[in-house]
Amino acid sequence: MTFILYNPHACSGQGYAGVQKVVDSLWPEKPAVRDITQTDIRPFLTGLGADDQAILCGGDGTLHFVINALEGKPPAVPVDVWWFGTGNDFLRDVRPAGGVRKVRLNDYMQRLPMAEINGETVRFLNNSSFGLDGQVCELGEEIKQTRKTKVSYVMLAVRLVLKHYHWTDADVTVDGETRHYKKVWIASALNGRYIGGGIKIAPGQDRLSQDLCCVVWHGTGRLGTLLRLPALLWGGHVKMKKHCDVFFGRDITVEFERPCAIQLDGEVTSGVTRYRAWK
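Model, not experiment: these values are computed from the prediction. (Residues numbered from 1 in each chain as written. Predicted model: local features only at pLDDT ≥ 70, side-chain atom pairs only at ≥ 80, totals over all residues. Heavy atoms only, no water.)

This part is about unusual backbone geometry. Cis geometry marks the peptide bond from Trp27 to Pro28; its omega dihedral reads 15°. Mapped onto the elements of the fold, Pro28 is located in the loop between α2 (15-25) and β2 (32-35). In this structure, Asn118 is a non-glycine residue whose phi angle is positive, near 50°. Mapped onto the secondary structure, Asn118 falls in the loop between β6 (114-117) and β7 (120-123). Positive phi is not limited to glycine here, since Asp175 has a value of about 50°. In this structure, Asp175 sits in the loop between β9 (168-174) and β10 (177-190). Residue class for Asp175 comes out partly exposed when judged on its relative accessible area of 45%. (Helix = DSSP H or I, 4+ residues; strand = E, 2+ residues; numbered from the N terminus. Buried < 20%, exposed > 50% of the residue type's maximum accessible area, 1.4 Å probe, protein only.)

Read from one edge of the open sheet, five strands run β2-β1-β3-β4-β5, paired in mixed fashion. The open sheet is flanked by β2 and β5 (102-104), the only strands paired with a single partner. Direction aside, neighbouring strands of the sheet carry axes that sit 25° apart on average. Across four bridges, the pairing between strand β1 (residues 2-6) and β2 is parallel. Across the sheet, residue Phe3 finds its bridge partner in β2, namely Ala32. (Pairing = 2+ DSSP bridges. Axes fitted to C-alpha atoms, helices over the stretch in contact; angles between N-to-C directions.)

Below you can see the structure in the form of structure tokens.
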């Protein structure tokens, strides 16, 4: 039997309406539909039989919740991810060309990276990011909760660059080598290539490799950052050697001079001064 596990908070709070389209597309099969927020995920998935399968309908935050509920261990049954939610950075990274609507999650749950934030250790699927990206996600969550509308992460980034984001200095350590940076806008540890709903921040990253990708954008003012921001969409920022450093490594630590927001797979923690990510 097929079970659809959906997040009612996905799609800017329109998750239930969206899942009906998934059900219709599977006709004449009649899948069982369950609210993921009302389901104990680990015993549910591990308790399914050999003839069962599950389809996850939610964004990157939903996948973040599921992989941690499973403690990073792939379930014995097939679990597919359906194009749903707002950002979908995981699916943008792994979905083959040709309009495929779902991807098998089990194939990407081997050796997931870990992150330590405020003494808590969690797994992540796509990225851990300090600075501008964290504040964009923080503001995006506020808008989704209060206005119940879809969020453009690119437009939020432009808004923050123009006025509200305040850069800071940072120490970034990759595999034991520390570098000090001034006026840091972004300091990310990435398992996949994308953040923010399709921003190609780590074009050279392979999530099946043994390394994470560390991207540090630093040293630009507001106007310089705004003018360079479009290059993030296709990965052109990596050619800006003066203001963008890219490293590959297995253990990354970032320490900011003042508290900032950090996001893991779109899930935000505010007021953080340090994080560590490793694989």
